[in-house]
Amino acid sequence: MKILKIDGSMGHGGGQILRSSLALSCILGIPFEMTGIRKGRPQPGLRKQHLCGVKACAEICGAKVEGAELGSEVLSFVPKKIKSGSYHFAVGSGGSTTLVLQSVLLPLAVQKLPSQVIVDGGTYCPQAPTGEFFAESLVPRMNRMGYSIEANIEKFGFYKAGGGQISVACNSPKQFRPVDLVRREKLRNCTVQLITSHFPEKTTLKIRKLITKEFEKMKCAVPYEMEIVEKSTIEEPGAAVIVRTGSAEYPLIFSDIAAYGYSSEALVNNLGKQLRKFFAAEVPVEAHLADQLILPLGFAEGGKFLTSHLTEHLESCCQTFELFTEKEVGLAKDGKELLVEVPKVQG
């Protein structure tokens, strides 16, 4: 049995390499050994959300696993056949629910039999997609490719205590079709939600004021509406900013999460940078969505999309995709932007 050897420190060496490898291994039945997992990170190796993703993928395909321990920088994963069914996974803390779903969703979504998945953990976590991004931005675009997925945020939770929950129903895929997301997009309206839970009112109002100033600074004068949403059912104090733009059917979502030692000014400034870069590029796929489309496109009918630039996560996804499939993702400059072409994996 041939085992694929993967250097987990290649590229930017983040968890994206592991998550993509797990999904690809499950679907293609290719075993792998990974070393240097998250090497160079402040806390290298497997953290709780990574470990939950490993165990979740092992459960759905009956994989033999070695090295599935907190802090482990080495992992062996030998998959068997994927079994559709009902699954419930818990990160065990406020670790990201959406990062777990990045590994386990696609292997179940390509099956002919339906599955249901519930993941408990955080829905608002720093440096991770929010539940809104997953349910409103990624899943509709996967369904556009021919998948049949329903996702709901059952409960919300921040990144320390958790308490959040996302449920997903995967039905038999419809007719897969190639997807071309290359049409340049013009300026859109924005809706801004400042979501808080037991958060100091003074800081909430400060963030709102900073957001207003940030939009006023934008040369493109983006029309927007803003509201403060108090989610008192979340036990942990916290705040998140969610910005929606694009169409109602296929929204694009930008976000940032308040964290200890992360000032209100830094939060809003980072969000503003994301928005300015996106609006200046006028592309249909924003940078944080781009890497999430690689694997779903490959296991549908392939396709292409236009995005602003090559991020570390996008590069990692492409490299991992090519390792497992031996098919190359096309990356070509289109003016100042990047045209990404994903080949069909099977058939």
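The shown structure was predicted, so the numbers you read here are calculated from the model rather than taken from an experiment.

K.L.:
I keep staring at empty space enclosed by the protein and nothing clicks. Help me out?
P.N.:
Counted under the stated rule, the structure contains two cavities of 30 Å³ or more. By volume, the largest cavity is sized at about 180 Å³. Every element with two or more residues in the lining of the largest cavity is listed here: helix 1 (15-28), helix 3 (97-109), helix 4 (131-145) and helix 7 (287-298). Here the second largest cavity is characterised by a volume of approximately 40 Å³. Forming the walls of the second largest cavity are Ile211, Glu214, Phe215, Met218, Val268, Leu271, Gly272 and Leu275. Of all elements in the fold, only helix 5 (201-217) and helix 6 (264-281) reach the threshold of two or more residues within the lining of the second largest cavity. When residues of the lining of the second largest cavity are assigned to their parent elements, the largest contribution, four residues, is made by helix 6. Looking at the lining of the second largest cavity, its residues break down into six nonpolar, one polar and one charged.

K.L.:
Looking at this structure, I do not really get the packing of helix 5 against helix 6. What am I missing?
P.N.:
A pair of packed helices can be characterised by two numbers: the angle between their axes and the separation between those axes. At their nearest, the axes of helix 5 and helix 6 sit 10 Å apart, and the two run at 30 degrees to each other. Classified by the angle between their axes, helix 5 and helix 6 sit roughly parallel to one another. In this structure, helix 5 crosses over helix 6, and the sense of that crossing is right-handed. Facing Thr203, Lys206, Ile207, Leu210, Ile211, Glu214 and Phe215 of helix 5, the residues of helix 6 in contact are Ser264, Glu265, Val268, Asn269, Gly272, Leu275 and Arg276.

K.L.:
Explain the layout of surface pockets to me, please; I cannot follow it from the model alone.
P.N.:
Where empty space is left can be seen by rolling a probe of water-molecule size over the atoms. In this structure, the largest pocket spans a volume of roughly 1,700 Å³. Lining the largest pocket are 50 residues, and of these Cys125, Pro126, Gln127, Ala128 and His313 sit closest to its centre. When its residues are assigned to classes, the lining of the largest pocket shows 17 nonpolar, 22 polar and eleven charged. As for the second largest pocket, its lining consists of 16 residues, of which Tyr159, Phe199, Ala258, Ala259 and Tyr260 are closest to the centre. Every element with two or more residues in the lining of the second largest pocket is listed here: helix 5 and helix 6. Class assignment of the residues belonging to the lining of the second largest pocket gives a composition of ten nonpolar, four polar and two charged.

Rules used in this analysis
Residues numbered from 1 in each chain as written. Predicted model: local features only at pLDDT ≥ 70, side-chain atom pairs only at ≥ 80, totals over all residues. Heavy atoms only, no water. 1 Å grid on protein atoms, 1.4 Å probe; cavity = no way out; pocket = protein on both sides within 12 Å on 5 of 7 lines; lining within 4 Å. Points joined across faces, edges and corners; volume = space filled by probe spheres on them. Helix = DSSP H or I, 4+ residues; strand = E, 2+ residues; numbered from the N terminus. Nonpolar A, V, L, I, M, F, W, Y, C, P; charged D, E, K, R; others polar. Axes fitted to C-alpha atoms, helices over the stretch in contact; angles between N-to-C directions. Parallel < 35°, antiparallel > 145°, perpendicular 65-115°, else oblique. Left-handed = near helix turned anticlockwise from the far one by under 90°. Contact = heavy atoms within 4.5 Å.

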